[in-house]
Amino acid sequence: MKVDQLSIFLENRAGRLAEVTRILSESEVNIRALSLADTSDFGILRLIVSDFEKAKEKLKAGGFTVGRTTVVAVEVPDHPGGLHSILEMLRAAKINVEYMYAFVQQSGSHAVIIFRFDRTDQAIELLQKNSIVIVPGEKLYKM
Amino acid sequence: MIFDVEHETMPREELEKLQLRRLQTVVARVYENVPFYRKKLDERGVKPEHIQSLADVALLPFTEKQDLRNHYPFGMFAVSRENIVRIHSSSGTTGKATVVGYTKRDIKNWGQMVARAFAAAGATTGDFVHNAYGYGLFTGGLGLHNGAEELGATVIPISGGGTRRQAMLLRDFGATVLTCTPSYAMHLYEAAKEMGIDVKELPLRIGIFGAEPWTDAMRADIEEKLGITAIDIYGLSEVMGPGVAIECALVKKGLHIQEDHFLAEIIDPETGEKKGPGEVGELVFTTLTKEGIPLLRYRTRDLSRLNLAPCRCGRTTARMERVTGRSDDMLIIRGVNVFPSQIETILLETDGLSPHYQLIVDRENNLDTLEVRVEIDEQVFSDQIKNLQRLESKIQKNIKEFLGVTAKCKLVEPKGIERSEGKAKRIIDLRKAKQA
């Protein structure tokens, strides 16, 4: 039920992001989703890719510091209040969302949102109990 | 004015006789009371009675800063703790600070030396001293304080920090002498200017600046902006503190060493061989009168040269040229001594950070800045900004706590630090480029 996300440390200067995309492109790894968090000095690029292991290996060889983070891909009904009902559920269970970002592709009539929770296992359990669809990694990488 | 005419203008021959007598006494004393020196002297087969002339100082072993650290905290003291009336210490990580102790007489002598320094700078009993050196373990604050009182001047123990308040008091009290680091003098000047206070218009007339390297260009700038005479003072806590040597206001060419208290030598930092008069090398001091922690041939790592010619001011003491550099990698940041190895220790102790780091030292608005760049590795990397920022502030906090210096920490990519021939370039000092 979990999804592997690549996190990459980037110095905040021109060309560093392009270096990541160059390596991925040369390795024929496709980017499925991404988000970039930044400060004045550095940024953290978070990626869901078609081939996690390959991307990690190539980026490391390219001199980047890379980490693996477990995130959860959740189907969110694509209508007003769709996301809110899920967040409300999490709030009631006191599960914190560290960050989230939207997946590019839709899953049928649903949007897909990537969540990083402070308590991943409890979050999955809660979502499943409430019949929220979680997109498994294998499916997501190929979407 | 000369505060101690007898000792400061003593004919050279007589001075050297006095130095020899005191050298013989100190060697005998450390041989008796400091196991470290007894062992060192025995290893060399040297007995106190072998010291028959000043040239025989070459028989004595050197003392390094590391020796003081190895005997942390009180292992190098030559008297029992009951006879120590004060302790000072230089910054350092736990267990690595250098600790010095003073007897009542040491404090008295030190006060006299600093009083001589004030007088050489042109200060008299009627002066009003704004002492902005930090008070505490650092020798600057209390050292200058005692000297000003010994002279009979009025002293304002303002200490460091609170610059706007300092500018206000400088104006309201009408101090005539300012004592601090040269960079702080400029900082204070800028702060005063912002508040609409023109330091030039105040009664201030003398600045006694030390604890960090500065140039004649900086002196000219300070003198012009503050409308004062700026005097260089030299000292280091291991040897005594500020006041080991002082420029005279009359000539301002070289710092008069208090030779009745210290025997100065210049050596080749590589071979340890003595260098001739006028040759540049590392300054080495033997304390001649200190009781608490007498040191034989203490290696300062400061590069300078000696001038034995009598000075136009009337003093006969040797003058050391303004320190031009260091024979090791020590940095002086806002008057605080920082060794790259200390930063390395702090990084390793902070979540086992990688030893790949670089120190960028610069000067902004006349104040030194230190940036510590640390390469991030997988162990400490996180997908969350807050964790990395927490790491940065933790490093900053540890550096502040252990070394007493404010630093900015910046995480960089692996291999983000320039390496020359495989060896990481640890220090980039941009201050030097600006002075040139």
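These numbers come from a predicted model, not from an experiment.

Calculation rules
Residues numbered from 1 in each chain as written. Chains lettered and ligands numbered in written order. Predicted model: local features only at pLDDT ≥ 70, side-chain atom pairs only at ≥ 80, totals over all residues. Helix = DSSP H or I, 4+ residues; strand = E, 2+ residues; numbered from the N terminus. Buried ≥ 20, exposed ≤ 12 C-beta atoms within 10 Å, placed from the backbone. Contact = placed C-beta atoms within 7 Å. Domains from an automatic or database assignment. Pairing = 2+ DSSP bridges. Nonpolar A, V, L, I, M, F, W, Y, C, P; charged D, E, K, R; others polar. Core = buried A, V, L, I, M, F, W, Y, C linked by C-beta atoms within 7 Å. pLDDT = per-residue confidence, 0-100. Axes fitted to C-alpha atoms, helices over the stretch in contact; angles between N-to-C directions. Parallel < 35°, antiparallel > 145°, perpendicular 65-115°, else oblique.

## Section: the overall build of chain A
In step 1: When its secondary structure is counted, chain A shows five helices and seven strands.
In step 2: For chain A, the N- to C-terminal ordering of α and β elements is β-α-β-β-α-β-α-β-β-α-β-α.
In step 3: Principal-axis analysis of the C-alpha atoms places the extent of chain A at approximately 45 × 30 × 25 Å.
In step 4: Looking at chain A residue by residue over its 143 residues, the buried ones come to 29%.
In step 5: Pairs at least 24 apart in sequence give 68% of the contacts found in chain A among residues at least 6 apart.

## What about the domain arrangement of chain A?
Residue and element names in this part refer to chain A.
In step 1: Segmenting chain A into domains produces domain 1 (3-69) and domain 2 (70-142).
In step 2: Taking only C-alpha atoms, the centre of domain 1 and the centre of domain 2 are 23 Å apart.
In step 3: If you look at the interface, domain 1 gives 10 residues, while domain 2 gives 13 residues.
In step 4: Elements with a contribution of two residues or more to the side of domain 1 that touches domain 2: strand 1 (3-11) and strand 2 (31-38).
In step 5: Counting residues per element, the side of domain 1 that touches domain 2 draws most heavily on strand 2, which supplies four residues.

## A look at the sheet that holds strand 8 (residues 241-247) of chain B
Residue and element names in this part refer to chain B.
In step 1: Pairing is mixed in the open sheet, where nine strands are placed in the order 4-3-5-6-7-8-9-14-13. The strands lining the two open edges of the sheet, one partner per strand, are strand 4 (154-156) and strand 13 (306-307).
In step 2: Here strand 6 (residues 206-209) pairs with strand 7 (residues 229-236) via four bridges, running parallel. Looking across to strand 7, one finds that Ile206 is bridged to Thr229.

## Some thoughts on the domain arrangement of chain B
Residue and element names in this part refer to chain B.
In step 1: Examined at the domain level, chain B breaks down into domain 1 (5-327) and domain 2 (332-435).
In step 2: Each of domain 1 and domain 2 has a C-alpha centre, and these two points are 30 Å apart.
In step 3: Each partner contributes residues to the interface: domain 1 has 15 residues there, and domain 2 has 16 residues.
In step 4: It is helix 8 (residues 182-194) that contributes the most residues to the side of domain 1 that touches domain 2, four residues altogether.
In step 5: Broken down by class, the residue content of the side of domain 1 that touches domain 2 amounts to four nonpolar, nine polar and two charged.

## Focus: the nonpolar core
In step 1: Ala117(B), Phe118(B), Ala121(B), Ala185(B) and Ala264(B) are the most contacted members of the largest nonpolar core, which totals 90 residues.
In step 2: The element contributing the most residues to this core is helix 5 (residues 104-120) of chain B, with eight residues.
In step 3: Non-local contacts of Ala185(B), meaning those with residues more than four positions away in its chain, are made with Leu178(B), Cys180(B), Gly207(B), Phe209(B), Ile222(B) and Leu226(B).
In step 4: Counting 59 residues, the second-largest nonpolar core is a separate cluster that includes Phe42(A), Leu127(A), Val338(B) and Leu370(B).

## Concerning the confidence of the model for chain B
In step 1: Residue-level pLDDT values for chain B average 92, and 96% of them are 70 or greater.
In step 2: Predicted as a complex, the structure gets a pTM of 0.75 and an ipTM equal to 0.87.

## Here's the deal with the pairing of strand 3 (residues 42-49) of chain A
Residues and elements named next belong to chain A.
In step 1: When you tally the buried positions in strand 3, you get seven out of eight residues, the bulk of the element.
In step 2: For strand 1 and strand 3, the ladder comprises six bridges, and the chain directions are antiparallel. Bridging from a neighbouring strand, Leu6 pairs with Leu47 of strand 3.
In step 3: In terms of strand pairing, strand 2 meets strand 3 through seven bridges, oriented antiparallel. If you follow Ser35 over to strand 3, its bridge partner there is Arg46.
In step 4: The antiparallel hairpin formed by strand 2 and strand 3 contains three residues in its connecting segment.

## So, the sheet that holds strand 19 (residues 367-375) of chain B
Residue and element names in this part refer to chain B.
In step 1: Strands sit in the order 20-19-18-23 across an open sheet of four strands; the sheet is mixed. Unpaired on one side and paired on the other, strand 20 (408-412) and strand 23 (427-429) mark the two borders of the sheet. Across this sheet, the average inter-strand angle for adjacent strands is 20 degrees, counted without regard to direction.
In step 2: Bridge count for strand 18 (residues 357-364) against strand 23 is three bridges, and the pairing is parallel. Bridging from a neighbouring strand, Ile360 pairs with Ile428 of strand 23.

## Here's the deal with the packing of helix 5 of chain B against helix 6 (residues 139-151) of chain B
All names here are of chain B.
In step 1: The geometry of helix 5 relative to helix 6 is characterised by a closest axis approach of 7 Å and an angle of 75 degrees between their N-to-C directions. Judged by the angle between their axes, helix 5 and helix 6 are roughly perpendicular. Across from Ile107, Trp110, Gly111, Gln112, Val114, Ala115, Ala117, Phe118 and Ala119 in helix 5, the residues of helix 6 making contact are Gly143, Leu144, Asn146, Gly147, Ala148, Glu150 and Leu151.
In step 2: Broken down by class, the residue content of the contact of helix 5 with helix 6 amounts to 10 nonpolar, five polar and one charged.

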